Amino acid sequence: MITRKERERYDRQIRIDGLGIEGQEKLKQARVLIAGVGGLGSPLAVYLAIAGVGNLRIVDNDEVSLSNLNRQPLYGAEDIGRKKTGTAELRLQKLNPDIKVEAIFETITEETVSRLVDGCDLILDAVDNFPARYVLNNAAIKMGVPFLYGGIYGLEGTMTTIIPRKTACLRCIFPDPPPSEIFPVLGSTAGTLGCLQAMEAIKYIVGIGDMLTNRLLILDGFSMKFREVRFERDPQCPDCSPSAGS
């Protein structure tokens, strides 16, 4: 049940048409996996925490470095060398002591992903490489858990919402991974896309608005324009087609 203190804390969002007390209760009961707490994961985790998403499971295998600080506002110079997950957990709990944060310092692999996703209502992609994204995509399909993809490059960003067996999956959209590289990122690009992912996650949990399904949203910060590309499921997709895994 939503307490009197929670009603006051979330008053402005409770006033949103379609959200209300019932929607806030859904947020409170939700359990989401945030895969990565770096450039995308930092704003994503912050805005889910302060919105009252009750159970955040954050997973990362990295430590804070100086080069992270242009785009990862969960951390400061004093955190260099510390595990991101532990530091993020402390910051998120300070932002909202009424939620639960489960911090897991671990690499997302085919061997670990089922355990990491288990019990979660939603997978939020904030990793920085496609091999891990494909692992999350496969787990989402096999476990029937919706998957919100997000990616950034310089002043550009992309995102989509994947509903297993109903929409195009990540492999349908990106059949082959882009080259692995250390890519450029402006902090505000990560912040913008992370906030959009948080909004999409909240919409899904509450059940309001139109989801970004079968649509790839593309942010072009150079021209300050958004556009979208529509997709359909690939009947031959090695990940989500009926014959996949057979």
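These remarks concern the structure in this document.

Cut-offs used in this document
- Residues numbered from 1 in each chain as written.
- Predicted model: local features only at pLDDT ≥ 70, side-chain atom pairs only at ≥ 80, totals over all residues.
- Heavy atoms only, no water.
- Patch = residues over 30% accessible without salt bridge, like charges linked within 9 Å, V, L, I, M, F, W, Y side chains within 5 Å.
- Areas by Shrake-Rupley, 256 points an atom, 1.4 Å probe, with all protein chains shown as cover.
- Salt bridge = Lys/Arg side-chain N within 4 Å of Asp/Glu carboxyl O.
- Helix = DSSP H or I, 4+ residues; strand = E, 2+ residues; numbered from the N terminus.
- Buried < 20%, exposed > 50% of the residue type's maximum accessible area, 1.4 Å probe, protein only.
- Phe/Tyr/Trp six-rings, centres within 6.5 Å; stacked < 30°, edge-to-face > 60°.
- Lys NZ or Arg CZ within 6 Å of the ring centre and 35° of its normal.
- Expected span 1.5 Å × (residues − 1).
- Arc of directions from axis to C-beta.
- Contact = heavy atoms within 4.5 Å.
- Core = buried A, V, L, I, M, F, W, Y, C linked by side-chain atoms within 4.5 Å.
- Pairing = 2+ DSSP bridges.
- Axes fitted to C-alpha atoms, helices over the stretch in contact; angles between N-to-C directions.
- Right-handed = clockwise from strand over helix to strand, strands pointing away.

## Overview of a nonpolar patch on the surface
Next, step 1: Nonpolar side chains collect at one region of the surface, where Tyr47, Ile50 and Leu95 lie side by side and expose about 240 Å² of accessible area between them.
Next, step 2: The topology assignment puts isoleucine 50 in helix H4 (residues 41-51).
Next, step 3: Take isoleucine 50: its relative accessible area is 32%, and that puts it in the partly exposed class.

## Let's talk about the packing of aromatic side chains
Next, step 1: Under the counting rule described, the total for this entry stands at five aromatic pairs.
Next, step 2: Centre to centre, the rings of phenylalanine 130 and phenylalanine 174 are 5.3 Å apart; their planes meet at 75°, and the pair counts as edge-to-face. On the criterion of sequence distance, the pair formed by phenylalanine 130 in helix H7 (residues 130-143) and phenylalanine 174 in the loop between helix H8 (170-173) and helix H9 (187-206) is long-range, its members being 44 residues apart. Accessibility classification places phenylalanine 130 together with phenylalanine 174 in one group, the buried group.
Next, step 3: By the ring-pair criterion, three or more aromatic residues cluster together here, those being Phe130, Tyr134, Tyr149 and Phe174.
Next, step 4: For arginine 171, the ring lying beneath its charged end belongs to tyrosine 134, and the centroid distance is 3.6 Å.

## Observations regarding helix H5 (residues 84-95)
Next, step 1: Here H5 spans 16 Å end to end across 12 residues, near enough to the 16 Å set by a 1.5 Å rise per residue.
Next, step 2: Turning to H5, its buried residues are Lys84, Thr85, Thr87, Ala88 and Leu92. Take H5 and look down its axis: the buried residues cluster within an arc of 160°, on one side only. Among the exposed residues of H5, those pointing more than 90 degrees away from its buried face are Leu90 and Lys94.
Next, step 3: Packed against the buried residues of H5 are H4, strand S2 (55-60) and strand S3 (100-105).

## Focus: the side chain of glutamine 13
Next, step 1: On the secondary structure map, glutamine 13 appears in helix H2 (residues 11-14).
Next, step 2: Excluding residues within four positions of it along the chain, glutamine 13 makes contact with Leu19, Gln24, Leu27 and Ala51.

## Digging into the environment of glycine 209
Next, step 1: As for its position among the elements, glycine 209 is in the loop between H9 and strand S7 (215-220).
Next, step 2: A relative accessible area of 65% places glycine 209 in the exposed class.
Next, step 3: Between the alpha carbons of glycine 209 and alanine 126 there is a distance of 23 Å; along the sequence they are 83 residues apart.

## What to know about the nonpolar core
Next, step 1: In this structure, Val32, Ile34, Leu48, Val53, Leu56, Leu92 and Leu124 are the most contacted members of the largest nonpolar core, which totals 40 residues.
Next, step 2: Those elements giving two or more residues to this core turn out to be strand S1 (31-35), H4, S2, H5, strand S4 (122-125), strand S5 (147-153) and H9.
Next, step 3: Contact partners of valine 53, with chain neighbours within four places excluded, come to Leu27, Ala30, Val32, Leu48, Ile99 and Ile205.
Next, step 4: Ala35, Leu136, Ala140 and Val145 belong to the second largest nonpolar core, which has 33 residues in total.

## Observations regarding the sheet that holds S7
Next, step 1: Pairing within the open sheet is mixed, and its eight strands lie in the order S3-S2-S1-S4-S5-S6-S7-S8. What marks the edges here is a single partner per strand, and that holds for S3 and strand S8 (225-230). Strand-to-strand twist in this sheet, taken as the mean axis angle between neighbours without regard to direction, amounts to 15°.
Next, step 2: Seen against the sheet, H5 touches S2 and S3 and runs at an angle of roughly 170° to S3.
Next, step 3: Running at roughly 165° to S5, H7 makes contact with S1, S4, S5 and strand S6 (156-162) of the sheet.

## Side note on the pairing of S1
Next, step 1: Taking burial as the measure, the five residues of S1 include four buried ones, the bulk of the element.
Next, step 2: Summarising the sheet, S1 and S2 pair through five bridges and their orientation is parallel. Bridge pairing links alanine 35 to valine 59 in S2.
Next, step 3: Remark: the S1/H4/S2 crossover connection has right-handed handedness.

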